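Observations on chain architecture
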Amino acid sequence: MRIEENKITVRFSVGEKTFSYPKSFEHFLTVVDGEVQKTIKVLLEKQKEEEEIVKLQQEREEKEKERKEDFTTLRTVCPKNNVKIGSQLVCNLNMSYGTNSRDIYLECCERFNWHKDSQYKFGKQGCPLFAWNATPENYHVWFLCNNNWSGTKATSWENIISHDLQYIYEIWEKHLPDDREKGCRVVFAKTSDNQYVFLGVYRLSDIKIEEREEMIGLNRVFEKISSVYPFDEE
């Protein structure tokens with residue numbers, strides 16, 4: 001009788017019935033006209049392809065939702081009293097080193113002989129909060145201001161700290177930094193109450209975030225190699 005959008009109405013001796021179109025031609029209805037049958041076959045194949053795309057997208061969205069729930073449920077709150085830096089930096093989430101990255105960096109310069117000429121990379125809004133080869137070991141120093149603990153992200157990337165602190169996931173929307181560096185990073189992270197804690201020493205890893213990589217493919221993973229600084233490298 002008629003086809004309207006994704007419905008087809010057929011008149012039988014007992015009255016009219018409405019079916020899904022073209023899906024009903026897989027099981028319930030047949031066409032006498034061979035040319036029409038060919039057209040319906042093409043429509044069925046196209047519909048299957050579209051359904052498969054929707055299914056894959058839903059699976060990816062579900063994986064992404066699970067990943068974000070896993071990484072963002074943890075919020076770290078530290079005491080507001082600042083701990084004085086001793087002979088070592090130790091990963092302890094109950095120890096806050098303060099709220100100002102430059103003050104922390106300068107204190108580490110005095111304690112560990114870090115390069116003072118890199119102090120201007122920290123402290124002020126808009127600074128990179130990252131210094132290349134800033135320690136006597138030529139490690140880089142990295143303050144994670146925007147991360148899943150602080151609940152903030154940068155314009156084009158986000159930093160995610162894993163629950164066990166073993167990994168830092170750096171996810172970019174458009175492009176990865178073209179530094180290709182393999183050096184170690186001494187890492188501090190800001191918490192939800194704006195306190196900086198020491199996470200450890202990390203190194204760029206070959207690990208990938210598979211489900212995120214399928215969608216974008218722009219990510220880097222840093223893996224912890226030490227929970228203290230300084231430490232003896234083997």
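Before any of the text, the structure's been laid out above.
Definitions and limits used
- Each chain carries its own residue numbering, running from 1 in the direction its sequence is written.
- Confidence filtering applies because this is a predicted model: local features only for residues at pLDDT of at least 70, side-chain atom pairs given and counted only at 80 or more, and all residues used for totals across whole chains, interfaces and linings.
- As a convention, hydrogens and water are excluded, and side-chain values are obtained from all of the structure's heavy atoms.
- A helix here means a DSSP run of H or I that spans at least four residues, while a strand means a run of E at least two residues long, and both kinds are numbered starting from the N terminus.
- Stacked, tilted and edge-to-face are the three classes assigned to paired rings of Phe, Tyr and Trp, where Trp is represented by its six-membered ring and a pair needs centres within 6.5 Å; plane angles under 30 degrees give stacked, over 60 edge-to-face, the rest tilted.
- When accessible area is computed with a 1.4 Å probe and restricted to protein chains, residues below 20% of their type maximum are described as buried, those above 50% as exposed, and intermediate ones as partly exposed.
- Criterion for a charge above a ring: Arg CZ or Lys NZ at most 6 Å from the ring centre, at most 35 degrees from the ring normal.
- The criterion for strand pairing is that DSSP finds at least two bridges linking the strands in question.

Quick word on unusual backbone geometry
Going from Tyr 21 to Pro 22, the amide bond is cis rather than trans, its omega being 5°. One can find Pro 22 in the loop between strand S3 (15-20) and helix H1 (34-72). That bond from Tyr 229 to Pro 230 is cis: its omega, -5°, falls within 30 degrees of zero. Note that Pro 230 resides in the segment after strand S12 (228-229). Its identity as a non-glycine residue notwithstanding, Asn 138 has a phi of 65°, on the positive side.

Digging into the packing of aromatic side chains
Scanning the model with the defined rule gives 17 aromatic pairs in all. Considering the side-chain rings of Tyr 105 and Trp 114, the 5.5 Å spacing of their centres and the 50° angle between planes classify their relative orientation as tilted. Tyr 105 gets classed as buried once you look at its relative accessible area, which sits at 0%. Ring geometry for Tyr 167 against Tyr 169: centres 6.2 Å apart, planes inclined by 40°, an arrangement best described as tilted. What makes Tyr 169 buried here is its relative accessible area of 14%. The ring of Trp 142 is capped by Arg 185, whose NZ or CZ atom sits 4.5 Å from the centre of that ring.

Points about the pairing of strand S8 (residues 167-172)
The buried fraction of S8 amounts to five of the six residues, a majority that puts the element mostly inside the structure. Relative to S8, strand S7 (residues 157-161) runs antiparallel, the two being bridged by five bridges. Its bridge partner being in S8, Trp 157 is matched across the sheet by Trp 172. Here S7 folds back onto S8 in antiparallel fashion, the turn holding five residues, of which Leu 165 has a positive phi close to 65°. Pairing of S8 with strand S11 (residues 219-226) involves five bridges; the strand directions are antiparallel. Bridge pairing in S11 links Glu 170 to Arg 220.

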